[in-house]
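Close look at the chain arrangement
Residue-level listing of the chains:
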Amino acid sequence: QVQLVESGGGLVQPGGSLRLSCTASGSIFSIHFLGWYRQAPGKQRELVAGITSGGATNYADSVKGRFTISRDNAKNTVYLRMNRLKPDDTAVYYCNVNLLASGASSRADYWGQGTQVTVSS
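What you are looking at is a predicted structure, and each value in this text was computed from that prediction instead of being measured.

1. A closer look at the layout of surface pockets
Taken as a whole, the largest pocket spans an internal volume of roughly 170 Å³. Together, Arg 38, Gln 39, Ala 40, Lys 43, Gln 44, Glu 46, Asp 88, Thr 90 and Ala 91 line the largest pocket. Among the residues making up the lining of the largest pocket, the classes are represented as two nonpolar, three polar and four charged.

The structure is reproduced here in structure tokens:
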């Protein structure tokens, strides 16, 4: 069984910074993709940033230059550093991991429980 645990959300003023963390644990054979999604009230969930097993990254246009995704393979952890936060960044942020569990025949997606990020003065 695989579990994802997120941390790092909270309330921050516009222009401030936060760092989100997500750690995967359990019977993991290999991790192929880690990403952060967000969902604001009344909106669809959207991909914010992703990083592949090879280290390639991609970002939503709205966060380019402000957010940075990184991973620590030894810890099965992905981070999202968010700088110059704006009120429009307010949302629940979800960690997503595509991995091959030990004994499984194919990869699957796993999701974290979500962490609230609120940007407000």
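Anyway, onward from the coordinates.
2. Some remarks on the pattern of salt bridges
Pairs can form between side chains of opposite charge once their charged atoms are near each other. Evaluation of the coordinates by the stated rule reveals four salt bridges. Taking the shortest distance from any N to any O, the salt bridge between Arg 38 and Asp 89 comes out at 3.0 Å. Remark: Asp 89 occurs in the loop between strand 8 (77–82) and strand 9 (91–101) and Arg 38 occurs in strand 4 (residues 28–39); sequence separation between them is 51 residues. As far as the burial class goes, Arg 38 and Asp 89 line up, both buried.

3. Topic: the nonpolar core
Counting 31 residues, the largest nonpolar core has Trp 36, Phe 67, Val 78, Leu 80, Met 82 and Tyr 93 as the members making the most contacts within it. Listed by contribution, the elements that provide at least two residues to this core are strand 1 (2–7), strand 3 (18–26), strand 4, strand 5 (46–52), strand 7 (67–72), strand 8, strand 9 and strand 11 (115–119). If one sorts the elements of this core by residue count, strand 9 sits on top with six residues.

4. Here we look at the environment of Gln 1
One can find Gln 1 in the segment before strand 1. A sequence separation of 24 residues divides Gln 1 from Ser 25, and the C-alpha atoms of the two residues are 8.3 Å apart. The contacts of Gln 1, once residues within four sequence positions are left out, are Ser 25, Gly 26 and Ser 27.

5. Re the sheet that holds strand 7
Taken together, four strands build an open sheet; the order of strands is 1-3-8-7 and the sheet is antiparallel. Taken across any chain shown, the strands that pair with only one partner, and hence form the sheet edges, are strand 1 and strand 7. Put simply, the sheet's adjacent strands are angled 15 degrees from each other on average, direction ignored. One ladder, built from six bridges, connects strand 3 with strand 8; its direction is antiparallel. Residue pairing across strands places Leu 18 opposite Met 82, the latter belonging to strand 8.

Conventions used here
Every chain begins its residue count from 1, and numbering advances along the sequence as written. At least 70 in pLDDT is required for a residue's local features to be given in this predicted model, at least 80 for side-chain atom pairs to be given and counted, and no such filter applies to totals for whole chains, interfaces and linings, which use all residues. The side-chain numbers reported here are obtained from all heavy atoms of the structure, hydrogens and water having been left aside. Only protein atoms enter the 1 Å grid, on which a cavity is a set of points fitting a 1.4 Å probe that cannot get out and a pocket is an open set with protein on both sides within 12 Å along at least 5 of 7 lines, lining residues being those with an atom within 4 Å of a point. Grid points are joined across faces, edges and corners, and a volume is the space filled by probe spheres set on the points. Amino acids outside the nonpolar list (Ala, Val, Leu, Ile, Met, Phe, Trp, Tyr, Cys, Pro) and the charged list (Asp, Glu, Lys, Arg) are all regarded as polar, and Gly is one of them. Should a side-chain nitrogen of Lys or Arg be within 4 Å of a carboxyl oxygen of Asp or Glu, the pair is scored as a salt bridge. By the criteria applied, helices consist of DSSP H or I runs no shorter than four residues and strands consist of E runs no shorter than two, each listed in order from the N terminus. Exposure categories follow from relative accessible area, calculated using a 1.4 Å probe and restricted to protein chains: below 20% of the type maximum is buried, above 50% is exposed, and the middle band is partly exposed. What we call a nonpolar core is a set of buried Ala, Val, Leu, Ile, Met, Phe, Trp, Tyr and Cys residues that are connected through their side-chain atoms within 4.5 Å. It only takes one pair of heavy atoms within 4.5 Å for two residues to be counted as in contact. When DSSP finds two or more bridges between a pair of strands, those strands are recorded as paired. Geometry is summarised by axes, namely lines fitted to C-alpha atoms with helices restricted to the contacting stretch, and by angles between N-to-C directions that run from 0 to 180 degrees.

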